[in-house]
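Descriptive structure summary
Chain by chain, the residues run as shown.
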Amino acid sequence: MNHRIYTRLPRTLAVAVPVVAILASAACSSTDTPVENMSSTTSISATQQPAATGDSAVVTQNRLSADAAVKAAGAALAKCRADGLGFVTVSVVDRAGNVIAMVRGDNAAQHTVEASREKAYTSAAFGADTSDLTQRTKGDGSTIADLPGTLFLAGGVTVKAGPASIAGIGVGGAPDGMQDQACAAAGRDAIASSLG
């Protein structure tokens, strides 16, 4: 039965395509605009751009550059090494949690990779350092701690351009979360002057 459908399809197209072509040709020839005036009509349409006050369907978003992310990750790891904590992982992510830069310190355990990424994402998404968010995870029933991919432990700092959170830096692996956070903050400080 399917074979019969496929054999009829070319005949249907053979009739439909010329009909569509005839209709399109008729529509194009029925315009009152002479061919020599077409360029002026086009230029008028091109100047009628959507206003910047919400009429545009395109949204632009600030994003931390790869160079800045690498610089921040390196500075965070350097701070941890100086504190005798070189066995951490540092992640820098954008607001959506996509990794821009990651560096795994010598002898950093595997769990530090995901912990640093989740801390970075949590701080970027919520626009706050993770140590400031831990109180919001307490309470009966479901809390924000149940959101997938988040980790509400100290060690993540937000990176802002003006009031907007554009990235997060997360460090995982130190014996204490506030030590992780001090390293992440050093990474943020390293790029602060270029954030505007």
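Residues numbered from 1 in each chain as written. Predicted model: local features only at pLDDT ≥ 70, side-chain atom pairs only at ≥ 80, totals over all residues. Heavy atoms only, no water.

Right, let's talk about the state of the cysteines for a bit. Under the definition given, this model contains 1 disulfide. Disulfide partner of Cys-80: Cys-183, at an S-S distance of 2.1 Å. Since a negative S-S torsion denotes a left-handed disulfide, the Cys-80-Cys-183 link at about 120° is right-handed. Note that Cys-80 is positioned in helix H3 (residues 66–82) and Cys-183 in helix H6 (residues 177–191), a separation of 103 residues in sequence. We classify Cys-80 as buried; its relative accessible area is 0%. (Disulfide = S-S within 2.5 Å. Helix = DSSP H or I, 4+ residues; strand = E, 2+ residues; numbered from the N terminus. Buried < 20%, exposed > 50% of the residue type's maximum accessible area, 1.4 Å probe, protein only.)

Relative to the helices and strands, Ile-100 is located in strand E2 (residues 99–104). The buried category is assigned to Ile-100, whose relative accessible area is 18%.

Once that is clear, we can look at unusual backbone geometry. At Asn-107, a residue that is not glycine, the phi angle is positive and equals roughly 65°. Positionally, Asn-107 belongs in the loop between E2 and helix H4 (111–126).

Before going further, it helps to examine the nonpolar core. Grouped together as the largest cluster of nonpolar side chains are 27 residues, with contacts concentrated most on Leu-64, Val-92, Val-159, Ile-169 and Val-171. Those elements giving two or more residues to this core turn out to be H3, strand E1 (89–94), E2, strand E3 (156–161), strand E4 (164–172) and H6. Those residues within four positions of Val-171 in sequence are excluded, and the remaining contacts are Ala-76, Cys-80, Val-88, Thr-89, Val-90, Ser-116, Lys-119, Gly-155, Asp-180, Cys-183 and Ala-184. (Core = buried A, V, L, I, M, F, W, Y, C linked by side-chain atoms within 4.5 Å. Contact = heavy atoms within 4.5 Å.)

This paragraph deals with the pattern of salt bridges. Evaluation of the coordinates by the stated rule reveals 5 salt bridges. Linking Arg-117 and Glu-114 is a salt bridge whose minimum nitrogen-to-oxygen distance equals 2.6 Å. Residue Arg-117 and its partner Glu-114 are both found in helix H4; the two are separated by 3 residues, about one turn of the helix. Linking Lys-119 and Asp-180 is a salt bridge whose minimum nitrogen-to-oxygen distance equals 2.9 Å. Residue Lys-119 is found in helix H4, and its partner Asp-180 is found in helix H6; the two are separated by 61 residues along the sequence. You can call Lys-119 buried: its relative accessible area is 5%. Judged by relative accessible area, Asp-180 falls into the buried class, the value being 2%. (Salt bridge = Lys/Arg side-chain N within 4 Å of Asp/Glu carboxyl O.)

Let us now look at the pairing of E4. The element E4 is extensively covered by neighbouring structure, given that 8 of its 9 residues are classed as buried. Relative to E4, E1 is paired through 6 bridges, and the arrangement is antiparallel. Among the inter-strand pairings, Thr-89 is bridged to a residue of E4, identified as Gly-172. The pairing of E3 with E4 spans 6 bridges and is classified as antiparallel. Residue pairing across strands places Lys-160 opposite Ser-165, the latter belonging to E4. Following E3, the chain reverses through 2 residues before pairing antiparallel with E4; Gly-162 in that reversal takes a positive phi of roughly 70°. (Pairing = 2+ DSSP bridges.)

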